[in-house]
Amino acid sequence: MVNVRARVPFKVGLKSNIPADLLSFNGLESGKEHVAVIFKDADKTSAPLVRMHSECLTGDVFHSSRCDCGEQLDETIEKMGELGGIIFYLRQEGRGIGLYNKIDAYKLQSEGMNTYEANNHLGFGDDLREFGEAAQMLKALGLTDIRLVTNNPKKIRELSENGINIVEVVGTKAHVKDGNESYLKTKASHGHHRFNFES
Ligand SMILES: Nc1nc2c(ncn2[C@@H]2O[C@H](COP(=O)(O)OP(=O)(O)OP(=O)(O)O)[C@@H](O)[C@H]2O)c(=O)[nH]1
Ligand SMILES: [Zn+2]
């Protein structure tokens, strides 16, 4: 049974000025230290904005040119600071293959493979992530109805299959920059991500 272990206030964002609460959990069977960040007590509102963000050390911390993860996280923090919402930061680095394997995949991508071909070449599926524990954490907060911030149909499908009612899907912007355009286009064409490349 998943339940909240601790809830502490902190301030986040590029200027460390956006108030939020940081939560840890008991009972996560994977042993992964997933956390939630709650803005404006959104867990006490009906159908809050929720983002299920998968760990990306290279993007989230270093704002790597290879992906859009850090920009998506910054965008979501800003938005939820205004509108309220909850970010679950899921420790599923590299779409579940881990950091070192992701770096191996980057090496293959530098030699010409796309993001999915590189995973497959290393013996992994396209995406090893699972969102069952994410659903359990939502339920631990008393939430089953959410507005999900994503462009990824896999997240919508898996959360729904785990008893979460997604009343609305809210896309993120397409954060195109030098270095990540073909990564984003591959996610759209092969992974069926719904990007709005105009915004
Ligand atoms: N294996 C692998 N993982 C990558 C690569 N680039 C980024 N990632 C990982 O992909 C994941 C991105 O996850 P999310 O931020 O949840 O985004 P998403 O699945 O694209 O879906 P949305 O942003 O919700 O639309 C993170 O775990 C990154 O570490 C790559 O080239 N190879
Ligand atoms: Zn990334």
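Residues numbered from 1 in each chain as written. Chains lettered and ligands numbered in written order. Predicted model: local features only at pLDDT ≥ 70, side-chain atom pairs only at ≥ 80, totals over all residues. Heavy atoms only, no water.

As named in an unreviewed UniProt entry, the protein is GTP cyclohydrolase-2, taken from Photobacterium leiognathi. The UniProt entry for the protein carries the following text under Catalytic activity (unreviewed entry): "GTP + 4 H2O = 2,5-diamino-6-hydroxy-4-(5-phosphoribosylamino)-pyrimidine + formate + 2 phosphate + 3 H(+)". (UniProt positions renumbered as here; feature names shortened; annotations may be inferred.)

Asks: I would appreciate a short explanation of the packing of aromatic side chains in the present structure.
Replies: Each aromatic ring pair is characterised by the separation of its centres together with the angle its planes make. On inspection of all chains with the given rule, the structure shows 0 aromatic pairs. Note that Arg-66 overlies the ring of Tyr-106, its terminal NZ or CZ placed 4.6 Å from the centroid. (Phe/Tyr/Trp six-rings, centres within 6.5 Å; stacked < 30°, edge-to-face > 60°. Lys NZ or Arg CZ within 6 Å of the ring centre and 35° of its normal.)

Asks: Mind showing me how you'd approach the site of ligand 1 here?
Replies: Within the structure, ligand 1 sits among 26 residues, and Arg-51, Arg-129, Thr-150, Lys-155 and Lys-187 are positioned closest to it. Contact distances for ligand 1 include 3.2 Å between an oxygen atom and a backbone N or O atom of Ser-54. In the complex, the protein chains occlude 99% of the 660 Å² of accessible area that ligand 1 would expose alone. Taken together, the elements giving at least two residues each to the shell around ligand 1 come down to β4 (49-54), α2 (69-83), α3 (99-110), α4 (115-121) and α7 (181-189). Considering every element that reaches the shell around ligand 1, the biggest residue donor is β4, with 4 residues. Within the shell around ligand 1, the residues separate by chemical class into 6 nonpolar, 12 polar and 8 charged. (Near = heavy atom within 4 Å. Polar contact = N/O pair within 3.5 Å; in protein donor to acceptor, adjacent residues only side chain to side chain. Areas by Shrake-Rupley, 256 points an atom, 1.4 Å probe, with all protein chains shown as cover. Helix = DSSP H or I, 4+ residues; strand = E, 2+ residues; numbered from the N terminus. Nonpolar A, V, L, I, M, F, W, Y, C, P; charged D, E, K, R; others polar.)

Asks: Which parts of the structure should I look at to understand the pairing of strand β5 (residues 85-90)?
Replies: Within a regular beta strand, the side chains point alternately toward one face of the sheet and then the other, so they alternate between its two faces. Taking burial as the measure, the 6 residues of β5 include 6 buried ones, the bulk of the element. Alternating residues of β5 divide into Gly-85, Ile-87 and Tyr-89 and Ile-86, Phe-88 and Leu-90, and every residue in both groups is buried. Sheet analysis places strand β3 (residues 35-39) next to β5, joined by 5 bridges and oriented antiparallel. Residue pairing for β5: Ala-36 is matched across the bridge by Phe-88. In this sheet, β5 lies alongside β4 in parallel orientation, the contact comprising 5 bridges. What sits directly across from Val-50, in β5, is Ile-86. (Buried < 20%, exposed > 50% of the residue type's maximum accessible area, 1.4 Å probe, protein only. Pairing = 2+ DSSP bridges.)

Asks: I would appreciate a short explanation of the UniProt feature "active site" (unreviewed entry) in the protein in the present structure.
Replies: Annotation from UniProt places "active site" (unreviewed entry) at Asp-127 and Arg-129. Topologically, Asp-127 is positioned in the loop between α4 and α5 (132-140). Residues contacting Asp-127, with those up to four places away along its chain left out, are Arg-95 and Lys-154. By the element assignment, Arg-129 lies in the loop between α4 and α5. With relative accessibility at 9%, the residue Arg-129 sits in the buried group. Among all residues touching Arg-129, those that are not within four sequence positions of it are Ser-54, Gln-92, Arg-95, Gly-96, Asn-152, Lys-154, Lys-155 and Glu-158. A distance of 2.8 Å separates polar atoms of two side chains, one belonging to Arg-129 and the other to Ser-54. (Contact = heavy atoms within 4.5 Å.)

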